[in-house]
Amino acid sequence: MSTPCTRDGCTARETGTCLEGFASPEECPFSGQSAKPTEAKSDDPVALQGGDALTLDEAAVLCRSGHTKVVLLAGPKGSGKTTIITSIYESFQEAPYGGYLFAGSQTLVGFERRCYLGRAASGGATADTGRTSANAGVQFLHLRVGRLNSDAPATNVLIADVSGEIFRQVRDSDEAQRLLPFLERVDNLAIVLDGARLAKPTERQLPRNDARSLLRAFVESNRVHPACRIDVIFAKWDRLDQESGESKSFLDETRATLRKACTENELSFFEVAARPEAPSPPFAFGMATLLREWVDPPTVVAKPVLSLSDPNKIRREAERYSSRLRGSAILEAFDVQRY
Amino acid sequence: MSSATKWLLLGLKGVGKTSYLAALWHQLEAGEIATAVTADYLQPDRTYLNRIRDAWLALKEVPRTSLRAEQTVELHLCTPESRIEVSFPDPSGEGLSQLWASRRASASFVSEAREAKGVLLFVHPKSIRFAERIPPAIGLGDDGATDDAVWKPESVPTQVQLVDLMQIVNELRSDDARLPVAVIVSAWDLVKDSLSPEDFVRRRLPLLWQFLSSSSSLHLAYFGVSATGGDLGEDRGRLADIRTASERVVVQQAVLPVARDLTLPLRHLLSDAGP
């Protein structure tokens, strides 16, 4: 039984003459299907690098290849983590971004899959981003960026795309930290708060508390490197009432709460709207600043030397050091040059 | 043939690779106009090139390269500095699109990429798929979208596919020397803005332009080429009136005056790639 050929201009169904010269529809690889690997040549096809998100092992290999920054976006499901990542990629599709040139990516297929629901090609009426599956484990998206008007070598940016479900577990249990075996290697730990929920008085306590609990869980795990920068991201910033004094006060209190939860690492706040719901602010609002934070963070003034009069701090530092020694096998696999 | 320098012709479906070859072969073989590169003697098998050249001469659409008909072109080229034998496949653009979608390449492509000493990368002004985002939908909030839509590889923007093809070639190459790449914007007669070919790529394919510009392993040059010289329907009369067929073509590089020499991209591939 013949099936329609999907090739442009092929009239095999009407005339019996195949555009490619196949004697019968059954021989034609395009019959009834979209593009699939051709076997018209006699030589066997060779598998290429997949282009999808990288596994932990693949990310470790890339880290060894050159200057690499590792970013972990942490937050509940629906908070906007994946959209934050894809908005940077989408911005590069229009022009150099944030002072950088796009210099390549090993995960173009991974990016395109994640962008699809935000594109007209999906047939959707409103833009969306697919949910990151908890079953997928830890995956990394890769961007290689070079500084505009500079001969300096490009920088790899590995951004972990992790399901919100995993962060719920991390928030609730120390045991769940094993789900993030690369934590010691993270250069930027970005805690994402959902601005859409912060905007609602009946819901706003939850994202604040989630962020605080998550941050505390990470910090007290002794697995976050002292040089790791903590980026607190107020996502979906366009949903927040910018004029309301009450809203501003709540956000100020939220910032203060989170600063208290993390005193040992450099902590900064960012307001972003990766995919605003209205034409203003523009697409990827605030993302250029975030990208610069990840690739070229500002120089940090050295923190004061540990005080010998504070035994609790001494104990925590000792635990952190021994924890890093235990994690050294992971570090060895994952790290050549940290900076 | 195994000693010939290998070049690659890259570009998706319908971007003018074969039309370029047809017109190029005519200029090389007929010697009607002065060209930067000449063919000092004929290669043994000229069947394919003559076939596509005949269609070009007759102002007919040059037959599109099908998957089953992929040919390898050999040329014996001569410049003031050297003589060189080159070979390059005339690939099916459909095949290259499939390669991207399936992440599988024929062993012959892998072999050609490994040995490639130059690339002609084609883009066509009318064959660019853009990443069209769904505009903001005021008032719909988080409702309205579903996860049901399945990603289609063929929906991927043109510039993403081209970047990845270049990345694949770079990855496969066994040579560390800088790779000369001639980026050819075909159907240049359709580009009415006063842009240089590089500016065209920078504006219409910005991701590709960024990738090429930031790569220290590539030695780039941009060309605008019209191998047919115009539309075969609307401009047929004007094109037929041109008595020297080689003078139909248009070649532009940077902001230099328009030339007719289709070998200028080859000259770039043969030039010293520099440090």
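Per chain, the residues get numbers from 1 upward, laid out in the order the sequence is written. Here chains are named by letter from A upward and ligands by number from 1 upward, in the order in which they appear as written. Only residues with pLDDT of at least 70 are given local features in this predicted model, and only at 80 or more are side-chain atom pairs given and counted; all residues enter the totals for whole chains, interfaces and linings. Working from all heavy atoms in the structure, the side-chain values ignore hydrogens and water.

What follows concerns the overall build of chain B. Every helix listed is a DSSP run of H or I at least four residues long, and every strand listed is a run of E at least two residues long, numbered separately from the N terminus. Of regular secondary structure, chain B possesses nine helices and nine strands. Throughout, radius of gyration means the C-alpha value; the globule benchmark is 2.2 Å times the number of residues raised to the power 0.38. Its C-alpha atoms give chain B a radius of gyration of 19 Å, within 12% of the compact-globule value 19 Å for 275 residues. Projected onto its principal axes, the C-alpha coordinates of chain B cover approximately 70 × 45 × 40 Å. Three labels apply to residues, based on accessible area from a 1.4 Å probe with only protein chains included: buried if under 20% of the type maximum, exposed if over 50%, partly exposed otherwise in between. The buried share of chain B, taken over its 275 residues, is 53%. Contacts are residue-level and defined by heavy atoms, with any inter-residue pair within 4.5 Å sufficient. Excluding contacts between residues fewer than 6 apart, the proportion of contacts in chain B whose partners are at least 24 apart in sequence is 78%. To measure how exposed things are, a 1.4 Å probe is used in the Shrake-Rupley method; for residues, cover is taken only from the protein chains shown. Of the roughly 11,900 Å² of accessible surface on chain B, a fraction of 48% belongs to carbon and sulfur atoms.

Bringing the sheet that holds strand β4 (residues 83–90) of chain B into the picture now. Residue and element names in this part refer to chain B. If you trace the eight strands from one edge of the open sheet to the other, you get β2-β3-β4-β1-β6-β7-β8-β9, paired in mixed fashion. With one partner strand each, in any of the chains shown, β2 (38–39) and β9 (250–252) form the two edges of the open sheet. For two strands to pair, DSSP has to find at least two bridges joining them. Direction of pairing for β2 relative to strand β3 (residues 71–78): antiparallel, over a ladder of two bridges. What sits directly across from T38, in β3, is C78.

Helix α4 (residues 108–115) of chain A sits mainly inside the fold: seven of its eight residues count as buried. Regarding α4(A), the residues found buried are A:L108, A:V109, A:G110, A:F111, A:E112, A:R114 and A:C115.

In terms of nonpolar packing, the biggest core is built from 81 residues, with A:I84, A:F92, B:F109 and B:L121 touching the most fellow members. We define the nonpolar core as a collection of buried residues of types Ala, Val, Leu, Ile, Met, Phe, Trp, Tyr and Cys that are connected through side-chain atoms lying within 4.5 Å of one another. Of all hydrophobic cores here, the second largest spans 43 residues; its members include A:I191, A:I230, A:F250 and A:L267.

The subject of this paragraph is the sheet that holds strand β7 (residues 229–235) of chain A. All names here are of chain A. In spatial order, the strands read β3-β4-β5-β2-β6-β7-β8; together these seven strands make up an open sheet with mixed pairing. What marks the edges here is a single partner per strand, and that holds for β3 (100–104) and β8 (267–271). The sheet shows a mean angle of 30° between the axes of neighbouring strands, taken without regard to direction. Axis definition: a line fitted to C-alpha atoms, over the contacting stretch in the case of helices. Angles run 0 to 180 degrees between N-to-C directions. Sheet strands touched by helix α8 (residues 245–261): β6 (188–194), β7 and β8. Its angle to β8, the strand with the most contacts, is close to 150°.

Moving on, we come to the side chain of A:R185. When you line up the elements, A:R185 lands in the loop between α5 (164–172) and β6. One polar contact links the side chain of A:R185 to the main-chain carbonyl oxygen of A:T68, over a distance of 2.8 Å. N or O atoms within 3.5 Å of each other form a polar contact, as long as, within protein, one can give a hydrogen and the other can take it, and as long as residues adjacent in sequence are counted only when both atoms are side-chain atoms.

All names here are of chain A. Helix length check: helix α7 (residues 205–220) (16 residues) gives 22 Å between terminal C-alpha atoms against 22 Å at 1.5 Å per residue, within 8%. Of the positions making up α7, those classed as buried are P207, R208, D210, A211, S213, L214, L215, A217, F218 and V219. Immediately downstream of α7, the backbone of N222 shows phi near 60°, a positive value. For a helix, the expected span equals 1.5 Å multiplied by the residue count minus one.

Attention shifts here to unusual backbone geometry. All names here are of chain A. Here S280 and P281 are connected by a cis peptide whose omega angle stands at 0°. Position of P281 among the secondary structure elements: in the loop between β8 and α9 (287–295). The phi torsion at N149 lies on the positive side, around 55°, for a residue other than glycine. Tracing the chain through its elements places N149 in the loop between β4 (139–147) and β5 (155–161).

Summary of the metric used: pLDDT quantifies the predictor's per-residue confidence within the range 0 to 100. In the predicted model, chain B carries a mean pLDDT of 88, and 92% of its residues have values of at least 70. Across the assembled chains, the prediction reports ipTM 0.91 with pTM 0.86.

A few words now on the packing of aromatic side chains. Between the rings of Phe, Tyr and Trp (Trp by its six-membered ring), a pair exists once the centres lie within 6.5 Å; its type follows the angle of the planes, with under 30 degrees stacked, over 60 edge-to-face, and the other angles tilted. Following the criterion strictly, the structure yields 10 aromatic pairs over all chains and no others. Residues A:Y89 and A:F111 carry aromatic rings whose centres are separated by 4.4 Å and whose planes lie at 10° to one another, so their mutual orientation is stacked. Of this pair, A:Y89 sits in helix α3 (residues 81–92) while A:F111 sits in helix α4, placing them 22 residues apart in sequence. Just as A:Y89 is buried, A:F111 falls in that class too. Plain terms: the ring middles of B:W7 and B:F88 are 5.9 Å apart, the flat faces sit at 20° to each other, and that makes the pair stacked.

Let's shift gears to the packing of helix α5 (residues 158–172) of chain B against helix α7 (residues 206–214) of chain B. Residues and elements named next belong to chain B. It is at 7 Å that the axes of α5 and α7 come closest, and there the two elements cross at 25°. Our classification of the angle between α5 and α7 gives roughly parallel. For the pair α5 and α7, the sense of crossing is right-handed. Of the residues in α7, those in contact with Q159, V160, L162, V163, M166, Q167 and N170 of α5 are P206, L207, L208 and F211. Roughly parallel means an angle under 35 degrees; roughly antiparallel, over 145; roughly perpendicular, 65 to 115; everything else is oblique. By convention the crossing between two helices is left-handed if the near helix lies anticlockwise of the far one by an angle smaller than a right angle, and right-handed if it lies clockwise.

It is worth spelling out the pairing of β3(B) at this point. All names here are of chain B. Where β3 meets β4, eight bridges bridge the pair, whose relative direction is antiparallel. Bridge pairing in β4 places T72 opposite P89. If you look at the hairpin formed by β3 and β4, you'll find four residues sitting between the two strands.

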